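What the coordinates show
Residues per chain are reported as follows:
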Amino acid sequence: MIINNNTPIFVTQPTLPSLDEFVKSLEEIWESKWLTNNGKFHQELESELCKYLGVKYCSLFSNGTLALIVGLQSLRITGEVITTPYSFVATTHSLHWNGIKPVFCDINEHDFNINPNKIEALITPQTTAILPVHVYGNPCNFEKIGKIADTYGLKVLYDAAHAFGVNINGQSILNNGDMSILSFHATKVFSTIEGGAIITNDKKLKERIDYLKNFGFADEVTVVAPGINAKMNEVQAAFGLLHLKNIESEILKRKAIAITYRNQLENINGIKTYNDFEGVKHNYSYFPVLIQKDFHKTRNEVYQLLKEHNIFSRRYFYPLISQFPTYKELPSSSSNNLPIAEKITEEILCLPIYGDLKPEQVDKIVQLIIK
Ligand SMILES: *Cc1c(COP(=O)(O)O)cnc(C)c1O
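What comes next is a walk through the structure. Note that this is a predicted model, so its numbers are computed, not measured.

Rules and cut-offs
- Residues numbered from 1 in each chain as written.
- Predicted model: local features only at pLDDT ≥ 70, side-chain atom pairs only at ≥ 80, totals over all residues.
- Heavy atoms only, no water.
- Helix = DSSP H or I, 4+ residues; strand = E, 2+ residues; numbered from the N terminus.
- Expected span 1.5 Å × (residues − 1).
- Contact = heavy atoms within 4.5 Å.
- Pairing = 2+ DSSP bridges.
- Axes fitted to C-alpha atoms, helices over the stretch in contact; angles between N-to-C directions.
- Phe/Tyr/Trp six-rings, centres within 6.5 Å; stacked < 30°, edge-to-face > 60°.
- Buried < 20%, exposed > 50% of the residue type's maximum accessible area, 1.4 Å probe, protein only.
- Lys NZ or Arg CZ within 6 Å of the ring centre and 35° of its normal.
- Salt bridge = Lys/Arg side-chain N within 4 Å of Asp/Glu carboxyl O.
- Bend = angle between axes of the 7 residues up to and from the residue.
- Polar contact = N/O pair within 3.5 Å; in protein donor to acceptor, adjacent residues only side chain to side chain.

Below, the discussion takes up helix α1 (residues 19-32). Residues separated by three or four positions in an α-helix point in the same direction, a consequence of the helix having 3.6 residues per turn. The end-to-end C-alpha distance of α1 is 20 Å, a good match for the 20 Å that 14 residues give at a rise of 1.5 Å each. Where α1 is buried, its residues meet α2 (40-53) and α7 (234-265). Trailing α1 by a residue or two, Lys-33 shows a phi angle of about 60°, which is positive.

The subject of this paragraph is the sheet that holds strand β14 (residues 287-291). The strand order across the open sheet built from 3 strands is β12-β14-β15, with neighbouring strands paired in antiparallel fashion. The two strands at the open ends of the sheet, each matched to only one other strand, are β12 (271-272) and β15 (348-351). Relative to β14, β12 runs antiparallel, the two being bridged by 2 bridges. Its bridge partner lying in β14, Lys-272 is registered against Leu-290. In the packing of helix α8 (residues 299-308) onto the sheet, the strands contacted are β14 and β15, and the crossing angle to β15 comes to about 25°.

Going through the model one piece at a time under the given rule, you end up with 19 aromatic pairs. When the centroid spacing of 6.3 Å and the interplanar angle of 5° are considered together, the rings of Tyr-136 and Phe-317 count as stacked. You can see Tyr-136 sitting in the loop between β4 (127-131) and α5 (142-152) and its partner Phe-317 sitting in the loop between α8 and α9 (339-347), a full 181 residues away along the chain. The buried category is assigned to Tyr-136, whose relative accessible area is 5%. With a centroid separation of 4.9 Å and an interplanar angle of 85°, the aromatic rings of Phe-184 and Phe-190 are classed as edge-to-face. A relative accessible area of 0% places Phe-184 in the buried class. Ring pairing ties together the aromatic residues Tyr-86, Phe-112, Tyr-136, Tyr-274, Tyr-286, Tyr-316 and Phe-317, which thus form one cluster. When the ring centre of Phe-88 is taken as origin, the NZ or CZ atom of Lys-188, which lies over that ring, is 5.9 Å away.

Summed over all chains, the structure comprises 15 salt bridges. Of the charged contacts, one joins Glu-21 and Lys-245 as a salt bridge, the two residues approaching to 2.9 Å between their closest N and O atoms. Remark: Lys-245 occurs in helix α7 and Glu-21 occurs in helix α1; sequence separation between them is 224 residues. Overall, Lys-245 belongs to the exposed group, its relative accessible area being 57%. Put simply, Asp-276 and Arg-262 hold a salt bridge, and the shortest N to O gap is 2.8 Å. Taken together, the residues span a long stretch of sequence, with Asp-276 in the loop between β12 and β13 (280-281) and Arg-262 in helix α7 at a distance of 14 residues. On the accessibility criterion, Asp-276 (31% relative accessible area) is partly exposed.

Take α7 next. For α7, which comprises 32 residues, the first-to-last C-alpha distance of 43 Å matches the rise-based estimate of 46 Å (1.5 Å per residue) to within 8%. The axis of α7 is deflected most strongly, by about 45°, at Asn-246. Here α7 starts with a cap whose side-chain oxygen sits 3.0 Å from the backbone nitrogen of Val-235, and that cap is Asn-233.

Time to look at unusual backbone geometry. The omega torsion of the bond from Tyr-316 to Phe-317 falls at 25°, within 30 degrees of zero and hence cis. Look at the link from Tyr-318 to Pro-319: it is a cis peptide, with omega at -10°. Secondary-structure assignment places Pro-319 in the loop between α8 and α9. The phi dihedral of Asn-37 is positive, around 65°, even though this residue is not glycine. Relative to the assigned elements, Asn-37 resides in the loop between α1 and α2.

In structure tokens, the structure reads:
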């Protein structure tokens with residue numbers, strides 16, 4: 001592809017696997033005529049993901065939202081769930097689709113994640129679980145969240161849609177809590193076009209999840225629960241297997257871009273950048289900055305200016321989930337409950353980051369922002 005001044009720059013762009021290799025996989029699928037329902041590619045992707053991620057069990061899904069919805073069903077979560085308003089809407093929608101009342105908890109300024117020190121005050125007799133999000137792949141505070149869950153007998157489901165491949169001291173962060181939910185949407189760092197997964201280390205739970213994603217069928221004639229259809233098909237799985245081959249090099253390329261951005265932006269007054277956390281292997285799925293009051297342009301002006309130059313940054317997450325009509329009447333949506341989330345949502349801007357982004361393009365983005 002020829003890159004010129006008018007080539008649009010999106011906030012992210014998938015690095016596609018080789019078309020020739022994908023065609024070879026498709027030929028194999030055509031040959032076998034096995035298109036979905038736990039076929040060869042599906043089985044292989046589940047086992048390859050377990051290896052790559054360093055986890056015990058993986059159940060593939062047609063998308064991340066259905067994985068969240070089924071995950072909550074599989075643990076029989078009811079009543080109220082404490083979650084974060086600073087996420088993609090699907091996090092809270094998955095509660096709504098289960099008839100569960102979301103209770104929003106404020107976030108930290110340093111990692112954008114749920115503030116564990118504010119969880120306990122929100123627990124009621126109806127609370128059954130906590131649904132935190134590893135925002136931008138930043139690991140949540142597992143120790144504190146786990147301790148609260150143990151004390152009050154709550155389940156913990158991590159929305160790990162941003163956290164593919166993130167490790168702390170060599171250990172996958174996906175092994176925390178009762179389960180972690182991944183999204184493989186085309187905008188995520190690892191993709192199956194549309195797709196998702198649930199990670200658990202409980203064999204029985206994995207079994208139940210697999211029934212639920214296939215209408216509740218345990219065998220040909222036994223339906224054990226009112227399941228749904230949330231299966232990943234063979235074409236998605238074949239795409240994922242090829243994508244997985246490139247993931248390490250993609251993450252390394254993104255890391256270089258993140259460093260370039262930081263070097264140019266970290267000393268600019270009114271712009272806040274974030275360094276890597278100690279001991280954490282990040283996936284650089286996003287490059288968040290805060291455009292604060294003392295900068296000479298507002299966050300929205302920066303967003304607009306970039307857009308006029310065909311550069312599509314993203315106010316991610318803006319608005320907060322608690323500000324959408326469906327949820328804004330909830331007691332926990334009130335501003336005095338969510339001061340940090342309401343501040344961050346006005347300042348956040350995610351800048352373009354993907355393996356094929358050129359250093360000149362990064363320079364151009366930085367120059368437009370700071371001049
Ligand atoms: C992408 C995303 C989802 C939804 O995943 P889909 O695969 O698009 O359904 C859920 N939660 C978060 C935090 C996400 O970023």
